[in-house]
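Fold and contact review
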Amino acid sequence: MFKENKYYGEVWFKSAEDNKCFCVLELINDEVHITTNLSERLPAYQIELIYGVFTGLGYLTFVNCKIKNSSNGIVETKTYKPKYTFACAYHLIEPIGLKINEFQIDNLAIVSWVRKMHWYNSLEDKLEKEDDVVHNTNITEDLSIKITKSTSNTSNHNFFRMDNVGYVDFKSEKKLSILESIDLYNSFQKLFHFLYGKSVQFKAFNFKCLSCGNWASLYYKDDFNKENISGFIALDYDTIKDDLSNIIKHWYNNEGIGYCADIIIENLLSVKTSHSRRFTNSYTAFEAYSLKFGNKIKNSSFAKDLLEQKQLLVDITNIPEDDIKTYVSKIVRHRDYLIHRTKTKNNIFSQFELLYISFLLDYLVGLGLVKQMEVSDKIIEKIIERAKSTYQDMQSVNRLLNKDLLVDNNNKVQPSM
């Protein structure tokens, strides 16, 4: 939607269309900021709607505009930060009651997920172009999703340029509100993080206007983007493509899967979360999974539910089977210490160990969820191998990297003088 970081235009309120004011639109940290001397007569902290027309963008509607800065001088100037920005080349978009049934999001992370690259054949002096990748899934009878990796090109007399692009399209037989459409995309973003572990701010959120039949755009700061790959499951498209339709259908139609996965995704997206907080989230996710999908054991408890997966615990952690029960009891003890503070601090895990127990619980829940989504044994085996690599190999390496010489030496008995 935005090809530049700054645009110029005019803005006005609906109640005073003749009072148009000059405005500068800037894109800062993926958020829209508009600076203008347009202001309400009465004091306000947020303006519901501001309309405008901008060179290079067309007609814009700004929704839920918080006043970020205000300066008084000869002319009062305000900077507004809208939550949603609608753009259309043909007319103003009225967001209240707006309904759509077809929309497309341009997300560059899809390109790196699909991993189909063009290459230059130096022997024949020509560009070898990979075919487009298109994956269609009918989520329900009324709703479908299409994931596409393709290319776009621009050219003039001086150059020819090709860019990789990735799209996710939704098409519904029913009319959807804008918030329902955003929820559908948010669900895709969560699934994308669950499977791949990375996403970015979308470049464009385009929808078909039902009133005129032309395409218009929506922009907002996406809360589900994270450029660094989490490394949780991290399955690329080629690995998962045969199972992808099953996964998508279960993801959108089984509320229990989304309920459990949301807690794991919170861990994946969180920045600077303490290991204790991450662990309690993972503990809660496993409890939620056991409640929704676990075996209905009489007088069930976290420990009993976890011991039901004893063999998987042994495979991932390499802890001897005879020690698993003690290990599980210690996990419960640490959780009780964090939540209730009724236990002493003796016989609990270090913060470093707690992080990898959190990873372990997330993998157990993730494996359970992909089994519910009817994936192949090949996928299950890949996730188990990644879980083993994280818990055993990564933990060993990071234990060495986090070794503190001063702490280790302070624990030693000092020689007498």
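Going by an unreviewed UniProt entry, the protein chain carries the name ApeA N-terminal domain-containing protein and comes from Lacinutrix gracilariae.

Moving on, we come to the packing of aromatic side chains. Within the structure shown, the criterion is met by 30 aromatic pairs. Judged by centre distance (6.2 Å) and plane angle (15°), the rings of tyrosine 8 and phenylalanine 22 are stacked. With a gap of 14 residues between them, tyrosine 8 in strand S1 (residues 6–13) and phenylalanine 22 in strand S2 (residues 16–28) connect regions that are remote in the sequence. Judged by relative accessible area, which is 43%, tyrosine 8 ranks as partly exposed. Look at phenylalanine 22 and you get exposed, because its relative accessible area is 54%. Seen in terms of ring centroids, tryptophan 113 and phenylalanine 192 are 5.2 Å apart; in terms of plane orientation they differ by 85°. Their pairing is edge-to-face. Of this pair, tryptophan 113 sits in helix H1 (residues 109–114) while phenylalanine 192 sits in helix H2 (residues 178–195), and the two are 79 residues apart along the sequence. Neither residue differs from the other here; tryptophan 113 and phenylalanine 192 are each classed as buried.

What follows deals with empty space enclosed by the protein. Using the criterion set out here, one finds 1 cavity of 30 Å³ or more in the structure. By volume, the largest cavity amounts to about 30 Å³. Each residue belonging to the lining of the largest cavity can be placed in one class, and the counts come to 8 nonpolar, no polar and no charged.

Scoring rules and cut-offs
Residues numbered from 1 in each chain as written. Predicted model: local features only at pLDDT ≥ 70, side-chain atom pairs only at ≥ 80, totals over all residues. Heavy atoms only, no water. Phe/Tyr/Trp six-rings, centres within 6.5 Å; stacked < 30°, edge-to-face > 60°. Helix = DSSP H or I, 4+ residues; strand = E, 2+ residues; numbered from the N terminus. Buried < 20%, exposed > 50% of the residue type's maximum accessible area, 1.4 Å probe, protein only. 1 Å grid on protein atoms, 1.4 Å probe; cavity = no way out; pocket = protein on both sides within 12 Å on 5 of 7 lines; lining within 4 Å. Points joined across faces, edges and corners; volume = space filled by probe spheres on them. Nonpolar A, V, L, I, M, F, W, Y, C, P; charged D, E, K, R; others polar.

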